[in-house]
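Tertiary structure, described
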Number of protein chains: 2
Amino acid sequence: MRVQTTRIKPQSGIALEIREGETLKVICPEGKQVSDLVAFNASDLREVLSNGKTFDYEESLKLTTGNNLFSNRSRIMLEITGDSCGIHDFLLAPCCPVTMKHFYDIGGQPPNCLDNLYEALKDRGVERWQIPTAFNIFMNVQLDANQHISVEPPTARPGDSITFLAHMDLLLGITACSAGASNDYAYGPIDVVHIRGREAV
Amino acid sequence: MRVQTTRIKPQSGIALEIREGETLKVICPEGKQVSDLVAFNASDLREVLSNGKTFDYEESLKLTTGNNLFSNRSRIMLEITGDSCGIHDFLLAPCCPVTMKHFYDIGGQPPNCLDNLYEALKDRGVERWQIPTAFNIFMNVQLDANQHISVEPPTARPGDSITFLAHMDLLLGITACSAGASNDYAYGPIDVVHIRGREAV
């Protein structure tokens, strides 16, 4: 078993290749930090993470240990095998320059997840428009009785983690999210542990 | 003003081009029938309807008169200008052969929205994998207190409709949905009224 730990600096992103049967653990080292995760079939970038297909098969917005994340081709990409936090989001798209302007009145090209994902993935052939709605690890999105959406401070404590088993060879994009409200304006790092081998974390 | 009405037969789909400023009215002539709607920028198919971006900017799962449907590039594609039903869904992906097998144990290639959208759109250059999570007109998706998803019979009565104003030139795919639970096992037609001109319906 080989274990590789990568620290994602605040407001940045990385690409990571992971093979079927390998494990990925995403850790919130300082608490209150969201991590956007997108996934592509490593051998065919047209197969991509899909919130719609995941909601279809899991029949729940709440996704935690035992749930699977599906592709647009109805295949399991990632299985959640451990989760000490329990609150994640699969509704909202990665923050981008337009959301930064809309919600925070920050102009120009501030750090944002869409650009960070694209910069990390573009050398592997991913085009910007292909980046899907991410699985937003540790993001605390609440719905009221009228299905109004609010973004609340993450409940993740320092050291909280979520663990995934890869069901196919995947190209992943992973960020430490840049949006203020999503991270309680803390902007911490994210640690990613890639375990080659079939042992659980 | 030119008005063109098209009937979508049960369990089928059509493509439709609509220009900026034109109006589209989708009618449920017999009640209880869902219609999956997808949209592409007519001059650049890489710009496509996005549930994640729509949830970002509308801050609600409940989308009705006054709400906009956004693209993956954070631009308004369609504005909802009228809605006599009020219950639609933007969570679930179009039904496909895998969902037909999973939920109904129907094998082979039964009628399904993903294939119907693809067959309608492929001559315009859309590839199957590019078809996004649809805006599911008249689809009655409910969430319980645990965010469990259930598909309930549509509340749409005969003649209920939803009206959209196009904010850009669009290539649309529109179906009369083929999934049993989504349509209370009724499988009715859908009428589409395309109004060229800026008058309201």
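Here is a short report on the structure shown in this document. Computed from a predicted model, the values in this text were never measured in an experiment.

The extent of an interface is frequently quoted as the accessible surface area lost upon association of the parts. The partner chain B presents 33 residues to the 33 residues of chain A that form the contact. Note on chain A versus chain B: buried area summed over both sides is about 3100 Å², and carbon and sulfur give 58% of it. On the chain A side of the contact with chain B, E59(A), W129(A) and Q147(A) bury the most area, a combined 22% of that side's loss. At the boundary of chain A with chain B, the tally comes to two salt bridges.

Closest axis-to-axis distance for the helix α1 (residues 51–58) of chain A/helix α2 (residues 97–104) of chain B pair is 11 Å, and the angle between their directions is 15°. Considered as vectors, α1(A) and α2(B) are oriented roughly parallel to each other. Along this stretch, α1(A) crosses α2(B), giving a crossing that reads as left-handed. On α2(B), the residues that touch K53(A), D56(A) and Y57(A) of α1(A) are V98(B), T99(B), H102(B) and F103(B). Tallied by class, the residues present in the contact of α1(A) with α2(B) amount to three nonpolar, two polar and two charged.

Moving on, we come to the nonpolar core. Grouped together as the largest cluster of nonpolar side chains are 88 residues, with contacts concentrated most on L78(A), F135(A), F164(A), L78(B), F135(B), F164(B) and L172(B). The contacts of L78(B), once residues within four sequence positions are left out, are L37(B), A39(B), N67(B), N68(B), L69(B), F164(B), L165(B), A166(B), L170(B) and L172(B). Listed in part, the 16 residues of the second largest apolar core include Y57(A), A15(B), L121(B) and A134(B).

Here we take up the sheet that holds strand β13 (residues 190–196) of chain A. Residues and elements named next belong to chain A. Ordered by their spatial adjacency, six strands build an open sheet running β1-β13-β3-β11-β7-β6, and the pairing between neighbours is antiparallel. Bordering the open sheet on either side are β1 (2–8) and β6 (68–70), each of which pairs with just one other strand. The sheet shows a mean angle of 20° between the axes of neighbouring strands, direction not considered. In this sheet, strand β7 (residues 76–83) lies alongside β6 in antiparallel orientation, the contact comprising three bridges. Bridge assignment links L69 to a residue of β7, and that residue is L78.

A word on the relation of the copies chain A and chain B. In the superposition of chain A on chain B (RMSD 0.0 Å, axial shift 0.0 Å), the rotation amounts to 180°. In the structure described here, the two chain copies are related by an operation that fits a two-fold rotation axis. Judged by C-alpha distance, L91(A) is the residue of chain A that lies nearest the rotation axis, at 4.0 Å. Both copies present the same face, since 100% of the interface residues in chain A are matched by interface residues at the equivalent positions in chain B.

For the rest of this paragraph, the subject is helix α3 (residues 113–121) of chain A. Residues and elements named next belong to chain A. Most of α3 is tucked away: seven of the nine residues are buried. Regarding α3, the residues found buried are C113, L114, D115, N116, L117, A120 and L121. Its buried side turned inward, α3 meets β2 (13–18), β4 (35–41), α2 (97–104) and β12 (170–175). The N-cap residue of α3 is N112: its side-chain oxygen and the backbone nitrogen of L114 are 3.3 Å apart.

Moving on: the packing of aromatic side chains. All told, the structure shown has 15 aromatic pairs over all chains when counted by the stated rule. Taken together, a centroid distance of 6.3 Å and an interplanar angle of 5° make the contact between F103(A) and Y57(B) stacked. Of this pair, F103(A) sits in helix α2 while Y57(B) is found in helix α1 (residues 51–58), placing the two residues in two different chains. Judged by its relative accessible area of 8%, Y57(B) is buried. Ring geometry for F135(B) and F164(B): centres 6.2 Å apart, planes at 85°, overall edge-to-face.

Parameters and conventions
Residues numbered from 1 in each chain as written. Chains lettered and ligands numbered in written order. Predicted model: local features only at pLDDT ≥ 70, side-chain atom pairs only at ≥ 80, totals over all residues. Heavy atoms only, no water. Contact = heavy atoms within 4.5 Å. Buried area = accessible area lost by both parts, 1.4 Å probe. Salt bridge = Lys/Arg side-chain N within 4 Å of Asp/Glu carboxyl O. Axes fitted to C-alpha atoms, helices over the stretch in contact; angles between N-to-C directions. Helix = DSSP H or I, 4+ residues; strand = E, 2+ residues; numbered from the N terminus. Parallel < 35°, antiparallel > 145°, perpendicular 65-115°, else oblique. Left-handed = near helix turned anticlockwise from the far one by under 90°. Nonpolar A, V, L, I, M, F, W, Y, C, P; charged D, E, K, R; others polar. Core = buried A, V, L, I, M, F, W, Y, C linked by side-chain atoms within 4.5 Å. Buried < 20%, exposed > 50% of the residue type's maximum accessible area, 1.4 Å probe, protein only. Pairing = 2+ DSSP bridges. Least-squares fit on C-alpha atoms with pLDDT ≥ 70 in both. Polar contact = N/O pair within 3.5 Å; in protein donor to acceptor, adjacent residues only side chain to side chain. Phe/Tyr/Trp six-rings, centres within 6.5 Å; stacked < 30°, edge-to-face > 60°.

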